[in-house]
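# An overview of the molecular structure
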Amino acid sequence: LLQYLWPSLSDRDIPHHTKTRDEILEQAKLAVQRVKEKLKQVDSKISMTFDLWTSEPGVPFLSITA
């Protein structure tokens, strides 16, 4: 699909799906570390709630409330 939209792209320009997955997981780990560091600075307790759902067209959503 990318090569169809941008014919100038070569296979080497498009990262393999495992590379993309690894990058996403690494960024998620960094985000979790940043949140943990910020929460260590809070003097009070924080309650959190999570909700997951999928819309009728199949779009997934995640809601986090603190």
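The shown structure was predicted, so the numbers you read here are calculated from the model rather than taken from an experiment.

What counts, and where the lines are drawn
- Once a new chain begins, its residue numbering starts again from 1 and follows that chain's sequence as written.
- Local features in this predicted model are restricted to residues whose pLDDT is 70 or higher, and side-chain atom pairs enter the listing and the counts only when it is 80 or higher, whereas totals over whole chains, interfaces and linings include all residues.
- Side-chain metrics in this entry use all non-hydrogen atoms of the structure; hydrogen atoms and water are not considered.
- A side-chain nitrogen of Lys or Arg and a carboxyl oxygen of Asp or Glu constitute a salt bridge if their distance falls within 4 Å.
- Throughout this description, buried means an accessible area under 20% of the type-specific maximum (1.4 Å probe, protein chains only), exposed means over 50%, and partly exposed covers the range between.
- Note on conventions: DSSP H or I runs of at least 4 residues are helices, E runs of at least 2 residues are strands, and numbering of each starts at the N terminus.
- Between any two strands, pairing holds if DSSP finds at least two bridges.
- What makes a patch is a set of residues exposed beyond 30% relative accessible area and free of salt bridges, joined within 9 Å when like-charged and within 5 Å when nonpolar (Val, Leu, Ile, Met, Phe, Trp, Tyr).
- Note on areas: these come from Shrake-Rupley sampling with a 1.4 Å probe, and a residue is covered only by the protein chains present in the view.
- Each aromatic pair joins two rings of Phe, Tyr and Trp (for Trp, the six-membered one) with centres within 6.5 Å, and gets the label stacked for planes under 30 degrees apart, edge-to-face for over 60, and tilted for any other angle.
- Scored from 0 to 100, pLDDT records how confident the predictor is in each individual residue.

## Re the pattern of salt bridges
Under the criterion given, the structure shown has three salt bridges. With a closest N to O distance of 3.5 Å, Asp 22 and Arg 21 form a salt bridge. You can call Arg 21 exposed: its relative accessible area is 51%.

## Focus: the pairing of strand 1 (residues 49–54)
Taken residue by residue, a regular strand's side chains alternate between the two faces of the sheet. The element strand 1 is largely exposed, with a buried count of zero among its six residues. Bridging between strand 1 and strand 2 (residues 60–65) involves six bridges; their strand directions are antiparallel. Residue Phe 50 lies in a different strand from strand 2, and its bridge partner there is Ile 64. Counted between consecutive antiparallel strands, the loop separating strand 1 from strand 2 contains five residues, among which Gly 58 sits at a positive phi close to 100 degrees.

## Regarding a nonpolar patch on the surface
A surface patch of nonpolar side chains, about 870 Å² in accessible area, is lined by Val 35, Leu 39, Val 42, Ile 46, Met 48, Phe 50, Leu 52, Leu 62 and Ile 64. Among the elements of the structure, helix 2 (17–40), strand 1 and strand 2 are those that each provide at least two residues to the nonpolar patch.

## Remarks on the packing of aromatic side chains
Applying the stated criterion to the full structure yields one aromatic pair. Look at Trp 53 and Phe 61: their rings are 5.3 Å apart centre to centre, the planes differ by 10 degrees, and that puts the pair in the stacked class.

## Brief notes about the environment of Glu 37
With respect to the helices and strands, Glu 37 occurs in helix 2. For Glu 37, a relative accessible area of 45% corresponds to the partly exposed category. Remark: the alpha-carbon pair of Glu 37 and Asp 51, spanning 14 residues in sequence, is separated by 24 Å.

## Concerning the confidence of the model for the protein chain
For the protein chain, per-residue confidence averages 92 on the pLDDT scale, and residues scoring 70 or more make up 100% of the total. Mean pLDDT across the elements of the protein chain bottoms out in helix 1 (residues 2–5) (87) and peaks in strand 1 (96).

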